[in-house]
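Architecture at a glance
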Amino acid sequence: MTHDEPRSVEPTGLLAPELWKPIHELDLPQEILDDLDTSGPEETGEILLMASEHLLANERPDQARLLLQTLHAHPPTPESGQYALFDLICLYEDEGNEKEANRLLNEVVNLDEPAPGPAALFAEQFEAQGETDKALLCFNIGARDHLALPAEQIAHLSAYELLPLQGRARVRKALGMPADGHDAHTLAAQEALPADPLGAGDPFDEPIGHDEEPPAQLVAVQAIFSRRALPEALERGWVSSERTEATYFLDAERELRAEAKQRPDVHFVVLTAEVGEVADFVARTGLDPSEPGTLMAWSEAEVPDEADRRLPWPPERNHLCWCASGRKYKKCCGSPSLR
């Protein structure tokens, strides 16, 4: 089958029929179509959201918009439809169409039951527009699972999990509301985060002696290929066959979130590699570039702890995404839709 020939997409009964036509016409990567054949509603919504990211990354915004509009109108689950609505708002903002972005944002107030993940994102949109009452309502929904916990447990949350609680505390302060217990513990946890996690070095290189105090800050590095290097790394077989160009960075984001949840006392750093420098390294060391540990070995041997290319994770939500897509983190890998 050539690139120009249409792919055959057979309905599985898991999606509304209205979704099949745009999926068939968008020439999505075959691995996405294969995943759709075996996925339930929740997985299907996530796959289609990832597909829209793939289209944007490949400079196909019109197709991404069509997919998101259809997904919003005919969502496999209410949550995926809400994420599609948020992504549409971001797409119109990026294109400078503030009128349409605002029109869609106003749809949020009519949602029957916003899910926590999308609600946290909508909250930031409302906050940016100065609509603090709506922002607080959405932040409360976004943080509701953690608000149900004793406030003292906030200290055990990761930097990523703190984000909706930080937004809630920030908006409550803007509204002149006194800090409650969750606000106070959120602010304390936020202050405990390092201003410059890269300055802590990497304590995992040296074991801690029995008589030594543990380091105040632990830093772990996630080494991956850059966007520029990924196609060649895939072609060379240096990337696991389970990863694809369409999902590579989203998979890395999932891994970072899972690690952060298990180790909230650790501060994470992302480091991207180029094919040439890894090729030089394996030529000198004899390591297998297809082994997962080789990138980590390269990063430890070749990149100084103070190097600017070591990027703290997670970035602030309105800063550029660590994956170098050129989009804000909250509009890219920072979406809570990734589970």
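Residues numbered from 1 in each chain as written. Predicted model: local features only at pLDDT ≥ 70, side-chain atom pairs only at ≥ 80, totals over all residues. Heavy atoms only, no water.

Quick look at the confidence of the model for the chain now. Mean pLDDT over the chain works out to 82, with 87% of the residues at or above the 70 mark. Confidence drops under a pLDDT of 50 for residues 197-216, and excluding neighbours within four residues, the segment shows 28 contacts in the predicted structure. (pLDDT = per-residue confidence, 0-100. Contact = heavy atoms within 4.5 Å.)

So, about the side chain of D183. Checked against the element boundaries, D183 lands in helix α11 (residues 181-192). Residue D183 is classed as buried on the basis of its relative accessible area of 3%. Looking at D183, its side chain comes within polar contact range of the side chain of R168, at 3.0 Å. The residues contacting D183, other than those within four sequence positions of it, are R168, A169, R172 and P178. (Helix = DSSP H or I, 4+ residues; strand = E, 2+ residues; numbered from the N terminus. Buried < 20%, exposed > 50% of the residue type's maximum accessible area, 1.4 Å probe, protein only. Polar contact = N/O pair within 3.5 Å; in protein donor to acceptor, adjacent residues only side chain to side chain.)

Let us now look at the environment of G130. Here G130 shows up in the loop between α7 (116-128) and α8 (132-142). The exposed category is assigned to G130, whose relative accessible area is 51%. Measuring from C-alpha to C-alpha, the distance between G130 and V171 comes to 9.8 Å, with 41 residues separating the pair along the chain.

We describe a pair of aromatic rings using the distance from one ring centre to the other and the angle between the two ring planes. Throughout the structure, instances matching the rule amount to 6 aromatic pairs. Between Y160 and W313 the ring centres are 6.1 Å apart and the planes differ by 10°, which places this aromatic pair in the stacked class. One end of the pair, Y160, is in the loop between α9 (144-147) and α10 (163-174); the other, W313, is in strand β3 (residues 311-313), and 153 residues separate them in sequence. Overall, the relative accessible area of 6% leaves W313 in the buried class. Chaining the aromatic ring pairs together yields one cluster made of Y160, F268 and W313. (Phe/Tyr/Trp six-rings, centres within 6.5 Å; stacked < 30°, edge-to-face > 60°.)

One recurring pattern in soluble globular proteins is that nonpolar side chains are buried together. F225, F249, V278, W298, W313, W322 and C333 are the most contacted members of the largest nonpolar core, which totals 43 residues. Among the elements that line this core, the one with the most residues is strand β1 (residues 218-225), at 7 residues. Leave out the neighbours within four places in its chain, and C333 touches F249, L250, E253, R257, C321, W322, C323 and L338. Among the nonpolar cores identified, the runner-up in size contains 42 residues, and L19, I32, A51 and A101 belong to it. (Core = buried A, V, L, I, M, F, W, Y, C linked by side-chain atoms within 4.5 Å.)

Once that is clear, we can look at α8. Three or more residues of α8 are buried, namely A135, L136, C138, F139, I141 and G142. Where α8 is buried, its residues touch α7, α9 and α10.

Within the secondary structure, R317 is located in the segment after β3. At 2.8 Å, the side chain of R317 forms a polar contact with the side chain of E124. Within the structure, the side chain of R317 is placed 3.3 Å from the backbone oxygen of G334, a separation counted as a polar contact. Among residues more than four places away in sequence, those in contact with R317 are L121, E124, Y160, L163, K328, Y329, K330, G334 and P336.

Once that is clear, we can look at the state of the cysteines. Inspection of every chain in the model, using the stated rule, returns 0 disulfides. Here C321 stays unpaired: no disulfide links it, and the sulfur of C323, its closest cysteine neighbor, is 3.6 Å away. (Disulfide = S-S within 2.5 Å.)

Right, let's talk about the packing of α10 against α11 for a bit. The contact between α10 and α11 brings their axes to 9 Å, and the two run at 120°. With respect to α11, the axis of α10 lies oblique. Handedness of the crossing formed by α10 with α11: left-handed. Counting all contacts with α10, which are made through L165, Q166, R168, A169 and R172, the residues of α11 involved are H182, D183, T186 and Q190. (Axes fitted to C-alpha atoms, helices over the stretch in contact; angles between N-to-C directions. Parallel < 35°, antiparallel > 145°, perpendicular 65-115°, else oblique. Left-handed = near helix turned anticlockwise from the far one by under 90°.)

Residue pairs three or four apart in sequence face the same way in an α-helix, which turns once every 3.6 residues. Considered for burial, the residues of helix α15 (residues 292-302) that qualify are T294, L295, W298 and S299. Along the long axis of α15, the arc covered by the buried residues comes to 135°, so they all point the same way. Opposite its buried face, α15 presents the exposed residues P292, E300 and A301, each directed more than 90 degrees away. (Arc of directions from axis to C-beta.)

Moving on, we get to unusual backbone geometry. Residue W313 is joined to P314 through a cis peptide bond whose omega torsion reads -5°. Its place among the elements puts P314 in the segment after β3. Phi angles above zero are rare outside glycine, and A324 is one such case at about 65°. Following the sequence through the fold, A324 ends up in the segment after β3. Judged by its relative accessible area of 60%, A324 falls in the exposed class.

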